[in-house]
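As a plain string of letters, each chain reads:
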Amino acid sequence: MTVRLGTLVAVVASSPSTAREVLQTHNGSLTGRSPPDAWLALGHAANSVFVLPPGRMWRALRRIGTEHLLSARQLDSTRLRPVLRDAVLDLVRRVSGMAAAGRPVEVGRAAFAAMMDLQWRAMFSAGLDDAAARALHDAAREAVALSLKPNVSDFFPALAAADLQGVRRRFARRVAMVYQMIDEQIERRMRKRPETGGGSSGEKDLLDVVLDISEQGKGDGVVIVNREVIRTFLTDIFLATVDTISSTIEWGMAELLQHPDAMSKVQEELRSVLGSKALVEHPDVDRLPYLRAAIRETLRLHPVVPLVPNEAEETVEIQGHAVPKGCTVLVNLWAVHRDAAAWPEPDWFMPERFLRRRPEEAGFLGTTEFEFIPFSAGRRVCLGLPLATRMVHAMLGSLLHHFEWALPGEVKENGVDMAESLGLTMIMATPLQAIAKSVR
Ligand code: HEM
């Protein structure tokens, strides 16, 4: 399908077979990006891993992210494993407090706060106080929401300088606030580094690693990792983490609350596998097939990054149609995941469909048919997959194991509002509220 938005022409891939052509067959020619106008604010786009073209700087940033924070090896290391575990404990504690006070729980907000704290500790070895956490929550949420807000400047580039809707200005204000807090961490660390020998003693956090790379002038041979690059990179990693994971947990809880059979099955499985063990941890997940299936089904129906915009770096032919150089090729993961030929009764929440699949068909990347690709695929595949899958299973699983859940009376009567709100991520338009009752 082709759509025209102002002067922008985009080809939309909405079926598994077209997604495969974009993300596999022609992926080498289709990994360009043109940043949304809002991202030009404060020069963010110039160093952002999300929108850099697939060149040296983009490769260097992906490598730094993977090697020093986001690989399975890093996440299971003695430095990061306790940080991940503490975030799950922190979430359970937050919810316990609300349950004890008889207050409804805003599931997404609680998970968002726990993930912000995790990411801050992983990057800076520092916690966030309540005031900083509140300010960051609001700034991060709005920056992400503004990223893909329909914007005249994106459709009519000749008008972009005027920023008619003020999207770029608002994005700039929000990102400036995140920059400021990240700058404070960088400055504090730079003052300390001469005393600690450049952060080389003890275990390094992500900030130490990028400052080392910057001082040694390495990176990718000729890539300069200067202060702007560091600040943009840390902001990107922070923004990528918080909304995606918390929204997936919120969508999962919303589906389970409306499907009591599935809720019972997952809680029964948790009871029989974990017994009195307090938290779900990564090694437990292999023994929790129903939890795994429920999370996959959640990501199928609610892929939190539903649209992947690629730019053709040369003319290619997709399904017999020429796609000219410079054309935007949008992969619509939401539509791919609801393709009726691949998914019978595609709009129904049925975790069982993943139990019936062969293991190689139920992976997050292992699908050969491209009908389930919540983290996308190909060269620009999501960098945070190992962190996201660990945290969604551990957090949602632990919440279901620790508490009985119910909908507040009024929501039960009127039904859960499952409307979606789309920015860079697809979140619940009405935040889910639920009543938690502690069972351990
Ligand atoms: C449930 C959680 C998440 C989902 C469903 C998700 C999904 C996605 C998708 C669909 C893309 C687009 C890939 C493409 O352009 O083809 C993406 C990109 C990206 N994701 Fe995630 N993501 C999640 C969590 C995370 C986390 C926790 C991080 C941590 C840092 C992260 C970092 C990134 C980065 C850096 C990119 C840009 C990659 C590039 O353009 O080279 N994501 N993600």
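Residues numbered from 1 in each chain as written. Predicted model: local features only at pLDDT ≥ 70, side-chain atom pairs only at ≥ 80, totals over all residues. Heavy atoms only, no water.

Right, let's talk about the UniProt feature "binding site: heme" (unreviewed entry) in the chain for a bit. Taking the numbering used here, the UniProt-annotated feature "binding site: heme" (unreviewed entry) corresponds to C382. Looking at the element boundaries, C382 is found in the loop between α14 (352–355) and α15 (385–402). Overall, the relative accessible area of 34% leaves C382 in the partly exposed class. (UniProt positions renumbered as here; feature names shortened; annotations may be inferred. Helix = DSSP H or I, 4+ residues; strand = E, 2+ residues; numbered from the N terminus. Buried < 20%, exposed > 50% of the residue type's maximum accessible area, 1.4 Å probe, protein only.)

On to unusual backbone geometry, then. Non-glycine residue S125 carries a positive phi angle of around 55 degrees. Topologically, S125 is positioned in the loop between α5 (107–124) and α6 (130–147). For S125, a relative accessible area of 52% corresponds to the exposed category. Of note, the phi angle at S376 is positive, near 65 degrees, even though the residue is not glycine. If you trace the backbone, S376 turns up in the loop between α14 and α15. On the basis of relative accessible area, S376 is assigned to the buried category, the value being 9%.

Attention now moves to the nonpolar core. If you look at the biggest cluster of nonpolar residues, it comprises 108 residues, and the most contacted ones within it are W120, F238, M253, M391, L400 and W405. Among all residues touching L400, those that are not within four sequence positions of it are M253, L256, M263, V266, Q267, L270, L291 and W405. Counting 19 residues, the second largest nonpolar core, distinct from the first, contains L30, V308, C327 and A377. (Core = buried A, V, L, I, M, F, W, Y, C linked by side-chain atoms within 4.5 Å. Contact = heavy atoms within 4.5 Å.)

It is worth spelling out the environment of G97 at this point. Residue position: G97 is located in helix α4 (residues 81–100). In this structure G97 comes out as partly exposed when scored by relative accessible area, which is 39%.

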